[in-house]
Amino acid sequence: AGNGILQGKRVLVTAGGTIERLDPVRFLTNDSSGKMGFAVAEAAKRMGADVTLVAGRSSETPPAGIKVIRTASAADMLDAVMREFPDTDIVVKAAAVADYRPATVHEQKVKKTGEKLVLELERTTDILAALGERKTHQLLVGFAAETENVERYALDKLKRKNCDLIVANDVSKEGVGFNGDTNAVDVYGPEGLVSSLPLMSKRETASRLMELITDRLSSRGGD
Ligand code: PMT
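As the structure is a prediction and not an experimental result, all values here were calculated from the model. (Residues numbered from 1 in each chain as written. Predicted model: local features only at pLDDT ≥ 70, side-chain atom pairs only at ≥ 80, totals over all residues.)

Kindly report on the sheet that holds strand β12 (residues 192-201), identifying the contributing residues and their values.
Overall, mixed pairing links the eight strands, which are arranged β5-β4-β1-β6-β9-β10-β11-β12 in an open sheet. Only two strands of the sheet have a single neighbouring strand rather than two, namely β5 (67-70) and β12. Across this sheet, the average inter-strand angle for adjacent strands is 15 degrees, counted without regard to direction. As paired elements, strand β11 (residues 182-189) and β12 share seven bridges and run antiparallel to each other. Note on β12: the bridge partner recorded for V187 is S195. The strands touched by helix α1 (residues 35-46) are β1 (10-15), β4 (50-55), β6 (90-93) and β11; relative to β1, the strand with the most contacts, the crossing angle is about 165 degrees. (Pairing = 2+ DSSP bridges. Helix = DSSP H or I, 4+ residues; strand = E, 2+ residues; numbered from the N terminus. Axes fitted to C-alpha atoms, helices over the stretch in contact; angles between N-to-C directions. Contact = placed C-beta atoms within 7 Å.)

Below you can see the structure in the form of structure tokens.
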């Protein structure tokens, strides 16, 4: 029988990288392994939540007992997230979503021609910002992967995307951010720094983060 502080709460987590097709054999993606997001999903599950994981490119094994929706492109991820959002209480957006995709998706393999090939890219929809516009009761938690001006950029994303918390990782630092098993993050709310979580395993980061999120939820007068 389920028990835990998040019993009865629905948590939606995104993880991994997106894949933007150029042609049948090529795509653009990024370094996200999905480890951070999968760890968040696992922590939420352990705390008794009803968890849905929207997973992009990742070779991680999803934790048992959660609903997993696999997606490829940023547009696919947007669709899946939008479908789940109304019934969700907490959203944690750890996925690394493409900001641009090839403007043309070729049906046939692109052939080698001149010395140079210029790829035209177009903007994708910002999923987090779209959620920020639509949110009603949901607690919205974004991530910010930065290599400079971490605090300023993170606070700017928090405001612009209407998040309740933003988890900033300085991915220029050793052991932080993409791919590895560890992370170090600063968590900001509208009032500024909420907590600094030094270098630790992503599992530990995820547990601590879910505790911070739970605190926010109860201080809002949830339960
Ligand atoms: O997966 P791992 O290898 O474990 O690595 C973890 C991580 C570095 C990917 C993770 O900790 C992290 O920082 N995730 C967010 C990466 C990212 O895309 O950051 P960003 O600063 O570009 O985007 C900010 C926020 O907007 C993110 O919550 C992102 O999910 C969201 N976003 C961005 C673009 C877009 N089109 N839609 C979005 O929702």
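On we go from here.
Summarise the UniProt feature "binding site: CTP" (unreviewed entry) in the protein; cite the residues concerned and give the values.
Per the UniProt annotation, the sites labelled "binding site: CTP" (unreviewed entry) are D99, K109, F143, K157 and K161. Spanning 63 residues, the named residues do not form one spatial group; their C-alpha atoms are separated by as much as 37.3 Å. You can see D99 is positioned in the loop between β6 and β7 (100-102). The contact partners of D99, leaving out residues within four places of it in the chain, are R123 and T124. Following the sequence through the fold, F143 ends up in strand β9 (residues 139-146). According to the C-beta neighbour criterion, F143 is buried, with 26 such atoms within 10 Å. (UniProt positions renumbered as here; feature names shortened; annotations may be inferred. Buried ≥ 20, exposed ≤ 12 C-beta atoms within 10 Å, placed from the backbone.)

Give me the pairing of β9: which residues, what numbers.
When you tally the buried positions in β9, you get seven out of eight residues, the bulk of the element. With four bridges connecting them, β6 and β9 associate as parallel partners. Looking at the pairing, V91 lines up with L140 of β9. Of the strand pairs in this sheet, β9 and strand β10 (residues 165-170) are connected by six bridges, and their pairing is parallel. Pairing of A144 across the sheet is with A168, part of β10.

Would you mind going over the packing of helix α2 (residues 74-84) against helix α3 (residues 127-134) in detail, with residue names and values included?
Angle between the axes and distance between the axes are the two parameters that describe a pair of packed helices. As a packed pair, α2 and α3 sit with axes 10 Å apart at the nearest point and diverge in direction by 25 degrees. Here α2 lies roughly parallel to α3, going by the angle between them. At the point where α2 passes α3, the crossing takes the right-handed sense. Here α2 contributes M77, L78 and V81 to the contact with α3, which in turn contributes I127, A130 and L131. Its residues assigned to classes, the contact of α2 with α3 shows six nonpolar, no polar and no charged. (Parallel < 35°, antiparallel > 145°, perpendicular 65-115°, else oblique. Left-handed = near helix turned anticlockwise from the far one by under 90°. Nonpolar A, V, L, I, M, F, W, Y, C, P; charged D, E, K, R; others polar.)

Can you break down the site of the ligand residue by residue, with the values?
In the vicinity of the ligand, 26 residues are found, and the nearest of them are S33, K35, M36, I127 and L128. Of all the secondary structure elements, the ones that give two or more residues to the shell around the ligand are α1, α3 and β9. Here the element with the most residues in the shell around the ligand is β9; it accounts for four residues. (Near = placed C-beta within 6 Å.)

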